[in-house]
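Notes for the structure review
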Amino acid sequence: MTSRTGVNNNNQLLEKILTFFNYLLLTVLALIFIYPLVLMVLTAFKSTREFFFDPFGLPDTWSLKPFIDVWQKANFNTYFFNSVLIATSAVILLIFCASLAAYAIARFDFKYNNLVFMFFLAGIMIPIRLGILPLFILMKNLNLLDTRLSLILTYAASGMPMSVFILTGFFKTIPTELGDAARVDGCNKFQVFYKIMLPLVRPALATVTIVNFVPWWNDFFFPLLFINTDALKTIPLGMTIFFGQYMTDWGLLFSGMVIASVPLLILYIFMSKQFISGLTSGAVKG
Amino acid sequence: MVYPLISALGYSFFSWDGLMRESFAGLDNFRRVLTTVRYQEKFWNALGHNTIFFVITFVLQTTLGLYLAIQLTRKRFGMDFFQTVYFIPFTLSMVVVGFLWLLLLNPTWGAFSQGLKVAGLGEWVQPWLGQKSTALITVIMVNFWRWIGFPILVYKAGLMGIPEVLNEAAVIDGASKWQLFRHVTFPLMIPTISMVTIITFIWDFNAFDLVFVMQGSSGNPHYATDLLATFFYRTAFGDPTIGGASGEIGIASAIAVLMFIIIGIASYFGIRMMQKKEVKY
């Protein structure tokens, strides 16, 4: 009897030690993840001179001046506007196309139904960046190089496979009777889609929006290749201006970085449920 | 309706076609990439870096990442907080991540070096990104810092999908923690792990932004961090390091097609393996 309780006590002790080390590991890692971000915000409040004098201390003043500077003098208002406009338009275009395509695949039986779906599925695996050269030439031929539209179209197209995949799954879960009832009540096919089905897949639409908005907001590759004019640049591309070969304005650069990161951070904190469902939907089989 | 996708996809499948029309080169572009001195060395160099990039990321995320996911899935104090924190870098732009770590890793006034000095390890301070021996691994670790939130998140979702009954049954049968992991959790997680691995592979063989921002388009120092995508970029749109030579669209397309083949074959076998290993319960 006594020996047995001894084993139990040992086990409990071991368990406690393990738990302690787990928390220690988790905390150390959390610091590695948080500290660079804290430093980014602190640096953003400093002038470049202050930054070189004291790179790690608190800023002398907590004035918003660096942010206003970067917003007005460094064209960040333009970049921000471009980023918002491009990502939002692409999302709207994508939702429009993807929901119609997914609805057709999920609800209508036509000859190449499955083929179309497989086509979209294959698209998930193919990174659109590898198609950059034909895309570049296409944009050039269409006279779209150096326009916002080139990015909007590219993003909307690249978002299609994943979005169709998510939305088709959702549309399939809606009972067909709902649509039939609406038809009896006098809706035409498009009204059934628009008034009955679309509102029902709203959670999936939120997921699709987030999954696509985040990489587009952060994208650097396509703006780098498509956009030349300063007034058309998006935030990630615009930021690289501060990083000169010989002189870097660290103060301004970091204010710009904070401005670039805050919108998604807020989105993430308030919509983490959609974030998680969006990012895991493709990767985990339900 | 699906026109943008069809045209983009169609173009990406047939990219070399359009370019052959200009040059009537046949497979010559591929031959040049793989056999001529000018490209061959850079191509294998970059391919090697991409492979190291993927292997290190894969090993870290399936050990540390899976371990963290298991810890975070437990219903314990603070786990939601840790989960949120680990995921934050994933929402940042690669450009932001690149600049941030350029600052942190700066050998003279970067936080990382200062930290080492304070810890009395001053002689360990090195120009991490500036010397050939450490540059690639440093870039890989920075990328990992941003990336790890994603595998953790997906693993967590996978772990939560494992029916609780199975764990309980194993515990009642007297399984130790390790046995529980080895014979119940891990086999059931293989599909999720495979899926994440395939996604990681695709990502890492497309990696571009971080190296471009931190090390320039030629993967400084002296191509030590050059990746297929930066090599492709230089070839397609000109290389500032060799006097602004203009792009070679044909050669670049051949590189893109080779990248596509590598990714395609790897994903295909990845999915095949995943389907074979899948455990039904």
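From a predicted model like this one, the values you see are computed outputs, not experimental measurements. (Residues numbered from 1 in each chain as written. Chains lettered and ligands numbered in written order. Predicted model: local features only at pLDDT ≥ 70, side-chain atom pairs only at ≥ 80, totals over all residues.)

1. Topic: the overall build of chain A
When helices and strands are tallied, chain A shows 14 helices and 0 strands. Overall, chain A shows an N-to-C arrangement of helices and strands of α-α-α-α-α-α-α-α-α-α-α-α-α-α. Relative to the compact-globule value of 19 Å for 286 residues, chain A shows a C-alpha radius of gyration of 25 Å, a clear excess of over 25%. Taking the principal axes of its C-alpha atoms as reference, chain A extends roughly 80 × 70 × 35 Å. Put simply, chain A has 286 residues, and 40% of those count as buried. Counting contacts in chain A only where the partners sit at least 6 residues apart, residues at least 24 apart contribute 76% of the total. (Helix = DSSP H or I, 4+ residues; strand = E, 2+ residues; numbered from the N terminus. Rg over C-alpha atoms; globule rule 2.2 N^0.38 Å. Buried ≥ 20, exposed ≤ 12 C-beta atoms within 10 Å, placed from the backbone. Contact = placed C-beta atoms within 7 Å.)

2. Regarding the interface of chain B and chain A
Contacts between the two partners involve 55 residues from chain B and, on the opposite side, 54 residues from chain A. Counting only elements with at least two residues in the side of chain B that touches chain A, the list comes to α1 (3–13), α2 (15–23), α5 (79–87), α6 (94–104), α7 (111–118), α9 (149–160), α11 (177–204) and α14 (249–277) of chain B.

3. As for unusual backbone geometry
For the peptide bond that leads from Asn220(B) to Pro221(B), omega is -10°, which places it in the cis range. At Asn143(A), a position not held by glycine, the phi torsion is positive, near 60°. Although it is not a glycine, His222(B) adopts a positive phi angle of roughly 45°. Along the chain, the position of His222(B) falls in the loop between α12 (209–215) and α13 (228–237).

4. Examining the environment of Tyr79(A)
Inspection of the secondary structure assignment puts Tyr79(A) in helix α4 (residues 76–107). With sequence-adjacent residues up to four places away left out, Tyr79(A) is seen in contact with Lys233(A), Thr234(A), Ile235(A) and Gly238(A).

5. What to know about helix α4 (residues 37–73) of chain B
Between its first and last C-alpha, α4(B) extends 52 Å over 37 residues, near the 54 Å set by a 1.5 Å rise per residue. Gln61(B) marks the point of greatest bend in α4(B), at about 30°. (Expected span 1.5 Å × (residues − 1). Bend = angle between axes of the 7 residues up to and from the residue.)

6. Thoughts on the packing of helix α5 (residues 113–125) of chain A against helix α7 (residues 148–173) of chain A
Residues and elements named next belong to chain A. Two numbers describe how α5 lies on α7: the axes approach to 7 Å, and their chain directions differ by 125°. For the element pair α5 / α7, the angle class is oblique. Read as a crossing pair, α5 and α7 show a hand that is left-handed. Contacts between α5 and α7 pair Phe-117, Phe-120, Leu-121, Gly-123 and Ile-124 from the former with Met-160, Pro-161, Met-162, Val-164, Phe-165 and Thr-168 from the latter. Here the contact of α5 with α7 is composed, by residue class, of 9 nonpolar, 2 polar and no charged. (Axes fitted to C-alpha atoms, helices over the stretch in contact; angles between N-to-C directions. Parallel < 35°, antiparallel > 145°, perpendicular 65-115°, else oblique. Left-handed = near helix turned anticlockwise from the far one by under 90°. Nonpolar A, V, L, I, M, F, W, Y, C, P; charged D, E, K, R; others polar.)

7. Quick word on the nonpolar core
Ranked by size, the top nonpolar core spans 141 residues in total, and within it Leu167(A), Met257(A) and Ile255(B) carry the most contacts. Two domains share this core, each providing at least three of its residues, namely domain 1 (2–44) and domain 2 (65–281) of chain A. Setting aside chain neighbours within four positions, we find Met257(A) in contact with Met40(A), Ala44(A), Met239(A), Val96(B), Phe99(B) and Leu100(B). (Core = buried A, V, L, I, M, F, W, Y, C linked by C-beta atoms within 7 Å. Domains from an automatic or database assignment.)

8. Notes on the confidence of the model for chain B
All names here are of chain B. In the predicted model, chain B carries a mean pLDDT of 81, and 85% of its residues have values of at least 70. Across chain B, helix α8 (residues 132–147) holds the top mean pLDDT of 93, while α1 sits lowest at 41. The low-confidence segment residues 1–21, where pLDDT is below 50, has 42 contacts with residues more than four positions distant or belonging to other chains. We note a pTM of 0.86 for the whole complex and an ipTM of 0.84 for its interfaces. (pLDDT = per-residue confidence, 0-100.)

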